[in-house]
Amino acid sequence: MRYIDYSDFKLKNSAVCLGKFDGLHIGHRELIEYAVSMKKYGLEAVIFTFLMNPRLLKNTEDFSQIYTEEEKRAMIEDAGADILLSYPFDIAMFSMEPECFVKNILIDKLDTKHLIVGTDFKFGHNRVGDVSLLQEMSIKYGFVVHAFDKVHYLEKAVSSTRIRACLREGKIEEANQMLGSPYCIAGKVLHGRKLGRTLGIPTINIVPEEVKLLPPNGVYASKTWIAGTAFEGISNIGVKPTVGAEKKRLIETYIFDYSGDLYGEELKVSLYTFERPEKKYDSIDELKDQMKLDIEFGRNYFNV
């Protein structure tokens, strides 16, 4: 998959899936899968999304990312797309009239033959562009618009806003249902204090990007993906208050039945369910006893 993160590009014969895709939830996946299906007609499956500028957002909280740019890139590549185009959402894009966006971007730069969007898609200056305008302009420029309705879960529309609320409340199972796969955190394994190794419970540490939206601090049943294989375990999100609080929140994971050296590796940790909040213990022995209980919880959850 080609990745383009700037505005200097020129493509041909494109099936373009257009949206923010900040959550890559089951609704987004439906659109992406349809774009990928157009490859059988000789079109390139192009996922067009935006590099958001928080200064241009009315609510900066919306800039917290369920999935970071790198995480989205990996997931979209796995979905079979040919090109991921992350267009900078700058002042020029913010103030661009919708007709100009269609002519200058979708037609002149992307050579769009099929356009895939959600029925609630808005674009252009003051968000005045919508599906009706796209359908009008498709006649003029000769492309086909495919508009998909919202997907629902528990009788409510699935949205990134709803998923963010679930994650902030620690409702991992509900968030995972709407995401279509377990919420994950990706990053490089860094050296920690190595306390877990001295306790006989070696762990790995990943520091998420600052823009990453994290669920509440605490312990979760998790799986870590290593060379394409998922290993069950438990993960703690937080600052390790018992052994001297970290400056940044990190995810510390104990992987069941794995003993290899993972320092420096880029890994993905998926969360499945919340067990308990993070807590400061009075002693290392008390912490170790609790970790053993956490491990028992994780093994029972995964039945391993």
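Remember, it's a predicted structure, so these values are computed and weren't measured experimentally.

1. Describing the sheet that holds strand S5 (residues 112-118)
So, point 1. Taken in spatial order, the six strands of this open sheet run S1-S4-S3-S2-S5-S6, and their pairing is parallel. Looking along the sheet, the strands with just one partner apiece sit at the ends: strand S1 (2-4) and strand S6 (144-148). Neighbouring strand axes in the sheet, compared pairwise and without regard to direction, differ in orientation by 20° on average.
So, point 2. Bridge count between strand S2 (residues 14-18) and S5: four bridges; the pairing is parallel. When the sheet's bridge partners are listed, Ala 15 is paired in S5 with His 114.

2. Focus: the side chain of Asp 294
So, point 1. Within the fold, Asp 294 resides in helix H9 (residues 284-302).
So, point 2. The buried category is assigned to Asp 294, whose relative accessible area is 2%.
So, point 3. Only 2.7 Å separates the side chain of Asp 294 from the side chain of Arg 276, close enough to count as a polar contact.
So, point 4. Residue contacts for Asp 294: discarding those within four places in its chain leaves Val 219, Ile 234, Glu 275 and Arg 276.

3. Some points on the side chain of Thr 49
So, point 1. The topology assignment puts Thr 49 in strand S3 (residues 44-51).
So, point 2. A polar contact of 2.6 Å, which involves the side chain of Thr 49, links it to the backbone oxygen of Lys 20.
So, point 3. Excluding residues that lie within four positions of it along the chain, Thr 49 makes contacts with Gly 19, Lys 20, Phe 21, Lys 72, Leu 84, Leu 85, Ser 86 and Tyr 87.

4. Focus on the sheet that holds strand S10 (residues 204-206)
So, point 1. Spatially, S9-S10-S13-S12-S11-S14 is the arrangement adopted by the six strands of the closed barrel, whose pairing is antiparallel. Adjacent strand axes in the sheet meet at a mean angle of 45°, parallel and antiparallel pairs treated alike.
So, point 2. Pairing between strand S9 (residues 184-190) and strand S14 (residues 266-277): five bridges, direction antiparallel. Bridge assignment links Cys 184 to a residue of S14, and that residue is Ser 270.
So, point 3. Most of the contacts of H9 go to S14, to which it runs at about 105°, and overall it touches strand S11 (218-226), strand S12 (229-238), strand S13 (250-255) and S14.

5. Focus on the packing of helix H4 (residues 98-107) against helix H5 (residues 131-141)
So, point 1. Interhelical geometry of H4 versus H5 gives an angle of 50° and a closest axis separation of 11 Å. As judged from the angle between their axes, H4 and H5 are oblique. For the crossing formed where H4 meets H5, the hand is right-handed. Between H4 and H5, the residues in contact are Pro 98, Glu 99, Val 102, Lys 103, Leu 106 and Ile 107 and Leu 133, Leu 134, Met 137 and Tyr 141, respectively.

6. Here's the deal with the pairing of S3
So, point 1. Burial within S3 is extensive, with six of its eight residues counted as buried.
So, point 2. Bridge analysis of S2 against S3 gives five bridges, and the strand direction is parallel. Bridge pairing links Val 16 to Val 46 in S3.
So, point 3. As for the winding sense of the linkage, the β-α-β connection from S2 through helix H1 (residues 26-37) to S3 is right-handed.
So, point 4. Sheet topology note: the S3/strand S4 (residues 83-88) ladder contains six bridges and is parallel. Paired with Phe 48 across the strands is Leu 85, a residue of S4.

7. Notes on the pattern of salt bridges
So, point 1. Considering all chains together, one arrives at 15 salt bridges under this definition.
So, point 2. As a salt-bridge pair, Asp 111 and Lys 12 come within 3.8 Å of each other at their nearest N and O atoms. Pair noted here: Asp 111 is in the loop between H4 and S5 and Lys 12 is in the loop between S1 and S2, with a separation of 99 residues, a long-range link.
So, point 3. On the accessibility criterion, Asp 111 (15% relative accessible area) is buried.
So, point 4. The closest approach of N and O atoms between Asp 294 and Arg 276, which form a salt bridge, is 2.7 Å. Pair noted here: Asp 294 is in helix H9 and Arg 276 is in strand S14, with a separation of 18 residues, a long-range link.
So, point 5. Look at the salt bridges and you will find they share partners, linking Lys 12, Asp 111 and Lys 113 into a network.

8. Here we look at unusual backbone geometry
So, point 1. We note that Leu 154 has phi near 55°; this positive angle belongs to a residue other than glycine.
So, point 2. Looking at where Leu 154 falls in the secondary structure, it is placed in the loop between strand S7 (152-153) and strand S8 (156-157).
So, point 3. One non-glycine residue, Glu 155, adopts positive backbone phi at about 65°.
So, point 4. Position of Glu 155 among the secondary structure elements: in the loop between S7 and S8.
So, point 5. Glu 155 sits in the exposed class, given a relative accessible area of 79%.

Rules and cut-offs
Every residue gets a number counted from 1 within its own chain, in the order that chain's sequence is written. Only residues with pLDDT of at least 70 are given local features in this predicted model, and only at 80 or more are side-chain atom pairs given and counted; all residues enter the totals for whole chains, interfaces and linings. Values reported for side chains reflect all heavy atoms of the structure, with hydrogen atoms and water molecules removed beforehand. One requirement defines pairing of two strands: DSSP has to find at least two bridges between them. Numbering of helices and strands runs from the N terminus, with a helix taken as a DSSP run of H or I at least four residues long and a strand as a DSSP run of E at least two residues long. In this description, a line fitted to the C-alpha atoms serves as the axis of each element, helices being fitted only across the stretch in contact, and the angle between N-to-C directions of two axes falls anywhere from 0 to 180 degrees. Here's how the labels work: a residue is buried when its accessible area is under 20% of the maximum for its type, exposed when over 50%, partly exposed in between, all with a 1.4 Å probe on protein chains only. Polar contact is defined as a pair of N or O atoms within 3.5 Å, subject to the rule that within protein one atom must be able to donate a hydrogen and the other to accept it, and that residues adjacent in sequence are counted only when both atoms are side-chain atoms. Any pair of residues with heavy atoms lying within 4.5 Å of one another is described as a contacting pair. Note on terminology: angles under 35 degrees are roughly parallel, angles over 145 are roughly antiparallel, angles of 65 to 115 are roughly perpendicular, and the others are oblique. Note: crossing handedness is left-handed where the near helix turns anticlockwise from the far helix by less than a right angle, and right-handed where it turns clockwise. By convention, a crossover is right-handed whenever its connection, traced from the first strand over the helix to the second and viewed with the strands pointing away, goes clockwise. Salt bridge, as used here: a side-chain nitrogen of Lys or Arg that lies within 4 Å of a carboxyl oxygen of Asp or Glu.

Purely spatial values, then, with no claim about function.
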